[in-house]
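Structure at a glance
Here is what each chain is made of, one letter per residue.
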Amino acid sequence: MNRIEVLRYIASLRNGDPMIISPGLANYTIAEERDEPLTIYNMDIPYATPMALGMALGWPERRIISVEGDGSLLAGPGVLTTVARYQPQNLAIFVFDNGAYLTTGSGKAPTTTAFGTDIEQLGRAAGMKNTKTVHTFDSAKTAVKRAFTEPGPWLIVAKVDKQDRPSQRTRYPLPMYVYEAGIKFHRAASQEKTAKR
Amino acid sequence: MARRAESKTSHSTVVNTGQAGVRYRQEALESFYDGFKAAGIDFAVFLPDSMLDGIEQLIIERGGIDTYQCSREDEGVAMAMGAFLVGKRPVALMEGSGIGLSALILARGIVQKTPTMLIVGHNSTLGERYDYHGATRLVAEPVLRALNIPYHVLFDPSEIRTVIVEAQETIEGQRIPVGVLVPSHVIRKFGDDQ
């Protein structure tokens, strides 16, 4: 299964949902497919899911999306215990597990999932109940759609191949700088909240 | 939409006497809560520590501020920043070691204009009598200084409310994190165990 096809499907269902993306190729696919105002690109490792958790707790009316890699999630797996503790139904965590630190250097350095670490089971052990590991695009679509339509928190682990690495050479420019991301996000969220009052 | 499994849990902790027999200055605890309310703080995240436990338990008991525990302080700072992004006014409470763990996410918050208030115990001020707080007390202020994060070291409980309100004004006006450091004598009755 290729990461890009799953990301495109996520982007097609997103419909403005706030999203935080950890560093890597996923940023460029999301930006290319559907950039939304409520997006934080290239969040420093390992803070995509912790920041998304804060959003989910602070804005329960909105579905919050965290996009992780296996390397980024494994840098801070303790957050899964906090997710399980508070069980925010509006949080979905998508982890793209290719078994390697693919975007770094040669891309050949493996993560521990290449040696047996099971990210879904980390979530289960932390106390998360809505978890799924998917190996095919069809099963990924089913799991992703449930994460967008059913109460969570969700932990979806997509086992993907490494075939999208060459796309680094033709990466789509991101639509905003980190320097402006907080201002734009905060303003968009505030305007949406004000409009609904 | 969201159900919060623990956020509304009722705690019956006696706020002025911790499990270790620590006696807090009740007026200081009240000043922190009053300051948070006056500053509009509505989201708190903390990792329990012996210095700030009295504040944390008082916040939970009094209510009016959504309060959460994290598993690491840097995770908590990121949670607070996420809450800020969706319109909350957050505070993260931790001991000084947590600032050491949080250097990267604080830097990200500065670059990204996503601040939070920081309340920090066990820091480089006087009154740390135990060797095992040595590394903890060493790390907080150097990290704040290195990142040019403004901070204030409290000295007298009478200044707590004002400092918290002004810290929040700086956070919102300058879009930077602000630290409030809490020496032992400000929050505990003098001479008590740590």
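All of these numbers come straight from a predicted model, not from anything done at the bench.

Points about the overall build of chain B
The number of helices and strands found in chain B is 8 helices and 6 strands. Sequence-ordered secondary structure for chain B, helices as α and strands as β, is α-β-α-β-α-β-α-α-β-α-β-α-β-α. Out of the 194 residues belonging to chain B, those deemed buried represent 52%. Long-range contacts, defined here as pairs at least 24 residues apart, represent 78% of the contacts in chain B between residues at least 6 apart.

Thoughts on the overall build of chain A
When helices and strands are counted, chain A shows 8 helices and 6 strands. For chain A, the succession of helices and strands along the chain, N to C, is α-β-α-β-α-β-α-α-β-α-β-α-β-α. With the principal axes as the frame, chain A shows a C-alpha extent of 50 × 40 × 30 Å. Counting every position in chain A, which comprises 197 residues, the buried fraction comes to 48%. Taking contacts inside chain A between residues at least 6 apart in sequence as the whole, the part at least 24 apart equals 72%.

Brief notes about the pairing of strand β6 (residues 154-159) of chain A
Residue and element names in this part refer to chain A. In terms of burial, β6 is a largely internal element, 5 of the 6 residues being buried. Across 6 bridges, strand β4 (residues 91-97) lies against β6 in parallel orientation. Pairing of Phe94 across the sheet is with Ile156, part of β6. Bridging between strand β5 (residues 130-134) and β6 involves 5 bridges; their strand directions are parallel. By the bridge assignment, Lys132 is partnered in β6 with Ile156.

Topic: helix α3 (residues 73-85) of chain B
Because each turn of an α-helix spans 3.6 residues, side chains separated by three or four positions in sequence point in the same direction. Residue and element names in this part refer to chain B. Helix length check: α3 (13 residues) gives 18 Å between terminal C-alpha atoms against 18 Å at 1.5 Å per residue, within 8%. The buried fraction of α3 amounts to 13 of the 13 residues, a majority that puts the element mostly inside the structure. Looking at the residues trailing α3, positive phi occurs at Gly87, about 100°.

Some remarks on the sheet that holds strand β3 (residues 64-69) of chain A
Reading across the sheet, the 6 strands line up as β2-β1-β3-β4-β6-β5 (chain A) and stay open at both edges, with parallel pairing between neighbours. At either margin of the open sheet sits one strand with a lone partner, and together these are β2 (39-40) and β5 of chain A.

Here we look at helix α1 (residues 26-39) of chain B
The first and last C-alpha atoms of α1(B) sit 20 Å apart over 14 residues, in line with the 20 Å expected at 1.5 Å per residue. Buried residues along α1(B) sit against α2 (53-62), β3 (90-95), α7 (160-174) and α8 (184-187) of chain B.

Structural notes on the sheet that holds strand β1 (residues 43-46) of chain B
All names here are of chain B. Across the sheet, which stays open at both edges, the 6 strands sit in the order β2-β1-β3-β4-β6-β5 with parallel pairing between neighbours. Looking along the sheet, the strands with just one partner apiece sit at the ends: β2 (66-69) and β5 (151-153). Shown here is a sheet whose adjacent strand axes are inclined to one another by a mean of 20°, direction ignored. By the bridge criterion, 4 bridges tie β1 to β2 in an arrangement that is parallel.

Examining unusual backbone geometry
In the segment running from Ile45(A) into Pro46(A), the intervening peptide bond is cis, with an omega of 5°. Among the structural elements, Pro46(A) can be located in the loop between β2 and α3 (48-58). At Asn148(B), a residue that is not glycine, the phi angle is positive and equals roughly 55°. Relative to the assigned elements, Asn148(B) resides in the loop between α6 (134-146) and β5. The exposure class assigned to Asn148(B) is exposed, which follows from the 8 C-beta atoms found within 10 Å.

Examining the packing of α1(B) against α2(B)
In helix packing, the relevant descriptors are the interaxial angle and the interaxial distance, both defined with respect to the helix axes. Residues and elements named next belong to chain B. Two numbers describe how α1 lies on α2: the axes approach to 9 Å, and their chain directions differ by 55°. The orientation of α1 relative to α2 falls into the category oblique. Taken as a pair, α1 and α2 cross one another with a handedness that is right-handed. Packed against α1, whose contacting residues are Leu29, Phe32 and Tyr33, the element α2 presents Gly54, Ile55, Leu58, Ile59 and Arg62 at the interface. Residue composition of the contact of α1 with α2, grouped by class: 6 nonpolar, 1 polar and 1 charged.

Definitions and limits used
- Numbers given to residues run from 1 along each chain, matching the order in which its sequence is written.
- All chains are assigned letters beginning with A, and all ligands numbers beginning with 1, in the order in which they are written.
- Owing to the predicted nature of the model, reporting of local features is limited to residues with pLDDT of at least 70; listing and counting of side-chain atom pairs is limited to 80 or more, with chain, interface and lining totals taken over all residues.
- Under the DSSP-based scheme used, a helix requires at least four consecutive residues in state H or I and a strand at least two consecutive residues in state E, with every element numbered from the N terminus.
- Burial is judged by counting other C-beta atoms within 10 Å of a residue's own C-beta: 20 or more means buried, 12 or fewer means exposed, and anything between counts as partly exposed, with every C-beta placed from the backbone.
- Note that contacts rest on C-beta atoms placed from the backbone: two residues are in contact if these are within 7 Å.
- Strands were regarded as paired on the criterion that DSSP finds at least two bridges between them.
- Take the residue count of a helix, subtract one, and multiply by 1.5 Å to get its expected span.
- An axis is simply a line fitted to the C-alpha atoms; with a helix, the fit covers only the stretch in contact. Between two such axes, the angle follows the N-to-C directions and lies from 0 to 180 degrees.
- In this scheme, roughly parallel covers angles under 35 degrees and roughly antiparallel covers those over 145, while 65 to 115 is roughly perpendicular and the rest are oblique.
- Two helices that cross are described as forming a left-handed crossing if the nearer one is turned anticlockwise from the farther one by less than a right angle, and a right-handed crossing if clockwise.
- Residues were grouped as follows: Ala, Val, Leu, Ile, Met, Phe, Trp, Tyr, Cys and Pro as nonpolar; Asp, Glu, Lys and Arg as charged; and all remaining residues, including Gly, as polar.

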